[in-house]
Amino acid sequence: MEKYLKEYFGFNSFRPYQKEIVSNLMAGRDVVALLPTGSGKSLCYQLPALMLPGTTIVISPTISLMQDQVAGLQKNNIRVATINSSMDYAAINSILQNLADYKLLYVAPERFPAENFMAALKLANISLFVVDEAHCISEWGHSFREEYRKLSYLKENFPTVPVIAVTATATQKVAQDIVAQLHLKDHLLIRSSFDRANLTIRIHERVDKNTQVLDFLKTHDGESGIIYVSTRKKTDELHEFLAKKGFNIAKYHAGLSAQERKNAHTQFINDNIKLIVATIAFGMGIDKPDVRFVLHLNMPRNIEQYYQEIGRAGRDGLPSECLMLYSPEDLVLYKRFMNDYEEQAVRLQMTRKIDQMFSLCNSIVCRRAEILSYFDETYPASNCQNCDNCMDEVEKVDGTIIAQKILSCVFRLRQQFGLNYVIDVLLGSKKQDVLYRGHDQLSTYNILTEESRSDLKHYIFSLISAGYLEVTEGEYPLLLLTPTSVKILQEGQQIQFKKKTIRKKLKTKEATQKLIGNLEIFETLRKLRLELARAESVPPFMVFSDKTLIEMSSHLPRTVEDFLEINGVGQVKANKYAKIFLESISKFNGK
Ligand code: ADP
Ligand code: MG
């Protein structure tokens, strides 16, 4: 196994769980692997595919994902093909007639009812079935695909061929659904920690959007990154704003034509354009390993979606930064549209998830610990050293008195008013409707005049996320007390608020540069890689990963043997690139 690993993929050792998964598949056992993004799930089936005698069928949800994987495998001289809806009948047929020529065949799930396809599989020697992005099977997942439901076909028709299902989903329900839908019985279940230690996680309040975005981008100059916004309109606006500021930036949302979307994707994967602003539609197809940051301009709807999206950063394991800018308005907006969902159960479930997401935003404890506990995992350390709350960039203030005043005001107003009205009363507003209702007579009128309107908003939303206040759904959301409000109002419970504006330390870029050691050599090799990639029309990371270049620039190999020692250099790539890279490195070796 190790020999194949080095020869075909260039890796010097297995990542955690890879070896166990590969050997179980080789022994004919089914496997369900729940491993976070970037943990190397593809290798878990690509390696057995090479070692087993027949053909491995990989079911994958998007064409771009398939094409990228196929291109990557071809770079290592592995015989691989793909069948998808963009191909004509003759091309598909010629692959099906010659299945034995391929070690791997990538197909979309739609293939499965197609008769000529089924017939060809029955005649061929199939070693292994792979269900990639297997969460698509589950209605509990966030990207359910109807066609994935047909995959019980695999076990029914090929009871002796092993099946592996892989996904970066961490939820139990989805995992159980995968097993049930695929009709697996005696499978090996692998579930690793979902911590992504290389991601710096920051969640800040959105105070001055454009400045915050520009400041952030300044610290990631020249790096590849994704900016998520909540709507198509906002995508267009931000794209225009940043393009005017001189950024070379692509955009992606479901309102663009298929061709426009494809272009944006390709430009981004190939490093022609480093930045992309997108809606949630830009998702599963992105296997780019060197995405250095993910910036959210809106709060996602739930923690699953958020974690999936930030997971697209740093697949290569190098330090990467995730910043979310959220605002209470995001919450209010989601709640306002809740009434669109007719089914009560769905609405309750979605509301609960939105509340959990919002409460993560306002939380003052370790982000990692909070996120992992959401996925039923306990983070072992008390300080992760890699999120805003642990790196102590957040100033906390005692908010007990303010909280008491706000809650009393809600109480005095008989829980009949919304956020802005409560603030009006607290600030002693002379607005007509406040005076008309006689609310200037309340004991809580004019009692927080030292605070600004926006600070009060911030405090009220902190109380909501801590569970001391509640917002109703619908067009006119009201503020309500909760069963725990009494703790602050009567039982002397203390509460801390996070200060609204946050100073952040710049970190990830420095961290990467420390790893690189000699920046000059690294940059030289990077340029060389880009030239080679352009000449071959492939993304630079398919020539060598950043990690591999970093290792080259610190080890400075002199011979082909040295070169082969580098993690990420396999036989095929050594044959092809050793000479030109060694030559470039030799210029530094004497220094
Ligand atoms: P996942 O599908 O789990 O998100 P991928 O299969 O896309 O992850 O792999 C993520 C990255 O890790 C890829 O760039 C891949 O080449 C690299 N990788 C996989 N296995 C190893 C290994 N054993 N050693 C070093 N790098 C690896
Ligand atoms: Mg994958």
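Preceding block: the structure.
Bear in mind the structure is a predicted one, so any value in this text is a computation, not a measurement.

(A) Structural view of the nonpolar core. One finds Phe-112, Met-299, Ile-406, Leu-463, Met-552 and Phe-581 to be the most contacted residues of the largest nonpolar core, which totals 141 residues. When sequence neighbours within four positions are dropped, the list of residues in contact with Phe-112 reads Ile-59, Val-107, Phe-117, Met-118, Leu-121, Leu-151, Tyr-153 and Leu-154. In this structure, Leu-5, Phe-14, Leu-50 and Ile-78 belong to the second largest nonpolar core, which totals 31 residues.

(B) View of the packing of helix α12 (residues 303–310) against helix α15 (residues 367–374). Interaxial distance between α12 and α15 falls to 10 Å at its minimum, and their mutual angle equals 120°. As summarised for this structure, α12 and α15 are arranged oblique, according to the angle between their axes. The crossing of α12 and α15 is left-handed. Across from Ile-303, Glu-304, Tyr-306 and Tyr-307 in α12, the residues of α15 making contact are Ile-371, Leu-372 and Tyr-374. Looking at side-chain class alone, the contact of α12 with α15 contains six nonpolar, no polar and one charged residues.

(C) Molecular detail of the pattern of salt bridges. Taken as a whole and assessed by the stated rule, the structure comprises 26 salt bridges. For Arg-292, the salt bridge is made with Asp-316, and the minimal N-O distance between the two is 2.7 Å. Highlighted residues: Arg-292 in the loop between β11 (275–278) and β12 (293–296) and Asp-316 in the loop between α12 and β13 (320–326), separated in sequence by 24 residues. One salt bridge in this structure joins Arg-526 and Glu-523, with 3.4 Å as the shortest N-O distance. Placement of the pair is Arg-526 and Glu-523 together in helix α22 (residues 519–536), with a separation of three residues, close to one helical turn.

(D) Up close: the pairing of strand β8 (residues 199–205). Within β8, seven of the seven residues are buried, which leaves it mostly tucked inside the rest of the structure. Every second residue of β8 is oriented toward a common face, with Leu-199, Ile-201, Ile-203 and Glu-205 on one face and Thr-200, Arg-202 and His-204 on the other, all of them buried. In the sheet, β8 pairs with β13 via seven bridges, with the strands oriented parallel. Directly across from Arg-202, in β13, lies its bridge partner Leu-323.

(E) Just the sheet that holds β12, in detail. Taken in spatial order, the six strands make up an open sheet running β8-β13-β12-β9-β11-β10, and their pairing is parallel. The open sheet has two edge strands, β8 and β10 (249–252), and neither has a second partner. When strand polarity is set aside, the average angle formed by the axes of neighbouring strands in this sheet is 15°.

(F) Broad picture of the sheet that holds strand β7 (residues 188–191). Across the sheet, which stays open at both edges, the seven strands sit in the order β3-β4-β2-β5-β6-β1-β7 with parallel pairing between neighbours. The sheet is open, and its two edges are formed by β3 (80–83) and β7, each paired on a single side. Put simply, the sheet's adjacent strands are angled 15° from each other on average, direction ignored. Note that strand β1 (residues 31–34) and β7 share four bridges and pair parallel. Looking at the pairing, Val-32 lines up with Leu-189 of β7. Packed on one face of the sheet, helix α8 (residues 172–182) meets β1, β5 (126–131), β6 (163–167) and β7 and runs near 155° to β6.

(G) Expanded view of the site of ligand 1. Around ligand 1 lies a shell of 13 residues, among which Ser-13, Gly-38, Lys-41, Ser-42 and Arg-315 are the nearest. Between ligand 1 and Gln-18, the relevant distance is 3.0 Å, taken from a nitrogen atom to a side-chain nitrogen or oxygen of the residue. For ligand 1, whose accessible area on its own is 570 Å², the fraction buried by protein is 81%.

(H) Representation of the packing of aromatic side chains within the structure. Per the stated rule, a full pass over the model turns up 17 aromatic pairs. Residues Phe-544 and Tyr-577 carry aromatic rings whose centres are separated by 5.5 Å and whose planes lie at 65° to one another, so their mutual orientation is edge-to-face. Note that Phe-544 is positioned in the loop between α23 (540–543) and α24 (546–555) and Tyr-577 in helix α26 (residues 571–589), a separation of 33 residues in sequence. By relative accessible area, Phe-544 is classed as buried at 1%. Taking the centre distance of 6.3 Å and the plane angle of 80° together, the rings of Tyr-577 and Phe-581 count as edge-to-face.

Calculation criteria
Residues numbered from 1 in each chain as written. Chains lettered and ligands numbered in written order. Predicted model: local features only at pLDDT ≥ 70, side-chain atom pairs only at ≥ 80, totals over all residues. Heavy atoms only, no water. Core = buried A, V, L, I, M, F, W, Y, C linked by side-chain atoms within 4.5 Å. Buried < 20%, exposed > 50% of the residue type's maximum accessible area, 1.4 Å probe, protein only. Contact = heavy atoms within 4.5 Å. Axes fitted to C-alpha atoms, helices over the stretch in contact; angles between N-to-C directions. Helix = DSSP H or I, 4+ residues; strand = E, 2+ residues; numbered from the N terminus. Parallel < 35°, antiparallel > 145°, perpendicular 65-115°, else oblique. Left-handed = near helix turned anticlockwise from the far one by under 90°. Nonpolar A, V, L, I, M, F, W, Y, C, P; charged D, E, K, R; others polar. Salt bridge = Lys/Arg side-chain N within 4 Å of Asp/Glu carboxyl O. Pairing = 2+ DSSP bridges. Near = heavy atom within 4 Å. Polar contact = N/O pair within 3.5 Å; in protein donor to acceptor, adjacent residues only side chain to side chain. Areas by Shrake-Rupley, 256 points an atom, 1.4 Å probe, with all protein chains shown as cover. Phe/Tyr/Trp six-rings, centres within 6.5 Å; stacked < 30°, edge-to-face > 60°.

By themselves these figures say nothing about function.
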